[in-house]
Amino acid sequence: MSFLMENQFGELPPDKAIDTKTFLDTVSHIPAFFDCLGSKVFTIIKSDINGNITKIRAVYVTNPAKYTTLEDILVAEREAHGAEWPKVGATLALMWLKRGLRFIQILLQSLADGDRDENNPNLIRVNITKAYEQALKRYHGWIVQKIFNAALLAAPYRSNFLKALSKGEEVKEEDCLANLRQFLVNYTATIDAIYEMYTNLNAELDYTV
């Protein structure tokens, strides 16, 4: 069983409400994805995702009945923090978490779509670069961007990455990509719903770190 298939996201209800506990339980396995990339340089993104999950969970456990959905948390924090919101609490943590999750989604989708460097077909730098530029780069200052460039040079071979996603098992590339596409269905829908929620609540911020 591949890493992705063991940690699939559930299908969202028609109203796209995201159950907080279910989301936290599922997303808590995602940071291990960066172990599949091999290089310890990617731990900066892994640590960021872990930290934001912890912050959201810390708010949720204070009142699970009140914070049934992720939107419940954002709305409650908007009422509680006034002018400080949305740059506060779980709202800010989820804002950054969704960007890290989007990075993974674009990377995997790029692999599934067959994007590759024709001169170096067994490298995934083109896929990682696409994901970074679309999901994270605009929010990073030049220092963090330089760290990413170092990570890019340490990116694993495509074959090694797919094998890592398959937990070291020898799996045909087409089967691995089929698992990847299946994982992306509900994963992408969940991330899209979070982005849509931030847009609807006017909770998105555009600043660099």
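For the structure itself, look to the data block above.
Scoring rules and cut-offs
Each chain has its residues counted from 1, running along the sequence as written. Side-chain atom pairs in this predicted model are given and counted only at pLDDT of 80 or more, local residue features only at pLDDT of at least 70, and totals for whole chains, interfaces and linings cover all residues. The side-chain figures draw on all heavy atoms in the structure; neither hydrogens nor water molecules are used. Numbering goes from the N terminus for both helices and strands, where a helix is a DSSP run of H or I of at least four residues and a strand is a run of E of at least two. Under this definition, polar contacts are N or O atom pairs within 3.5 Å; protein pairs additionally need one hydrogen-donor-capable and one acceptor-capable atom, and for neighbouring residues in sequence, both atoms have to be side-chain atoms. Only protein atoms enter the 1 Å grid used here. Points where a 1.4 Å probe fits but cannot escape make up a cavity, open sets with protein on both sides within 12 Å along at least five of seven lines make up a pocket, and a residue lines them when an atom lies within 4 Å of a point. Grid points are joined across faces, edges and corners, and a volume is the space filled by probe spheres set on the points. Accessible area is worked out with a 1.4 Å probe on protein chains only. A residue is then buried under 20% of its type maximum, exposed over 50%, and partly exposed in between. By construction, the arc corresponds to the directions joining the helix axis to the C-beta atoms. Here a residue-residue contact requires only that any non-hydrogen atoms of the pair lie within 4.5 Å. By convention a nonpolar core is built from buried Ala, Val, Leu, Ile, Met, Phe, Trp, Tyr and Cys residues, the set being connected through side-chain atoms within 4.5 Å. To estimate the expected span of a helix, subtract one from its residue number and multiply by 1.5 Å. Any Lys or Arg side-chain nitrogen found within 4 Å of a carboxyl oxygen on Asp or Glu counts as a salt bridge.

Draft legend 1. View of the environment of threonine 20. Along the polypeptide, threonine 20 turns up in helix 2 (residues 20-27). Along the primary structure threonine 20 and isoleucine 56 are separated by 36 residues, whereas in three dimensions their C-alpha atoms are 9.1 Å apart. Of note is the side chain of threonine 20, whose polar atom sits 2.9 Å from the backbone oxygen of tyrosine 67.

Draft legend 2. Summary view of empty space enclosed by the protein. Across all of its chains, the model carries one cavity of 30 Å³ or more by this definition. Taken as a whole, the largest cavity spans an internal volume of roughly 40 Å³. Around the largest cavity, the lining residues are Ser2, Phe3, Leu4, Leu165, Cys176, Asn179 and Leu180. Of all the secondary-structure elements, those providing two or more residues to the lining of the largest cavity are helix 1 (3-6) and helix 9 (173-200). Counting residues per element, the lining of the largest cavity draws most heavily on helix 9, which supplies three residues.

Draft legend 3. Just unusual backbone geometry, in detail. A cis amide bond, omega 10 degrees, links tryptophan 85 with the succeeding residue proline 86. Structurally, proline 86 can be placed in the loop between helix 4 (70-81) and helix 5 (89-112). Not every positive phi belongs to a glycine, and lysine 16 is a case in point at roughly 65 degrees. Mapped onto the secondary structure, lysine 16 falls in the loop between helix 1 and helix 2.

Draft legend 4. Looking closely at helix 8 (residues 158-165). Residues of helix 8 that are buried include every one of Arg158, Phe161, Leu162 and Leu165, and no others. The buried residues of helix 8 occupy an angular sector of 95 degrees when projected down its axis, which confines them to one face. The inward-facing, buried residues of helix 8 contact helix 1, helix 5 and helix 9. Once helix 8 ends, the next one or two residues include lysine 167, with phi positive near 60 degrees.

Draft legend 5. Expanded view of the nonpolar core. One finds Phe23 and Phe103 to be the most contacted residues of the largest nonpolar core, which totals 69 residues. Tallying contributions element by element places helix 5 first for this core, with 15 residues.

Draft legend 6. Looking closely at the environment of leucine 37. Position of leucine 37 among the secondary structure elements: in the loop between helix 2 and helix 3 (43-60). By relative accessible area, which is 0% here, leucine 37 ends up buried. As a C-alpha pair, leucine 37 and alanine 90 span 53 residues in sequence and 28 Å in three-dimensional space.

Draft legend 7. Examining helix 4 more closely. Helix length check: helix 4 (twelve residues) gives 17 Å between terminal C-alpha atoms against 16 Å at 1.5 Å per residue, within 8%. Taken together, the buried positions of helix 4 are Leu70, Ile73, Leu74, Ala76 and Glu77. In this structure, the buried residues of helix 4 make contact with helix 2, helix 3, helix 5 and helix 9. Looking one or two places after helix 4, you find glycine 82, whose phi comes out positive at around 55 degrees.

Draft legend 8. Molecular detail of the pattern of salt bridges. The full count for this structure, using the stated rule, is 13 salt bridges. Lysine 46 is paired through a salt bridge with aspartate 35; the nearest N and O atoms lie 2.8 Å apart. Here the residue lysine 46 occupies a position in helix 3, and aspartate 35 occupies one in the loop between helix 2 and helix 3, the gap between them amounting to eleven residues. Via salt bridges that share partners, Lys21, Asp25 and Arg57 belong to a single interconnected network.

Draft legend 9. Inspection of the layout of surface pockets at higher detail. Quantified by volume, the largest pocket comes out at close to 330 Å³. Lining the largest pocket are 21 residues, and of these Ile44, Asp48, Trp96, His140 and Val209 lie nearest its centre. For the lining of the largest pocket, the element with the highest residue contribution is helix 5, accounting for six residues. Size it by volume and the second largest pocket reaches roughly 180 Å³.

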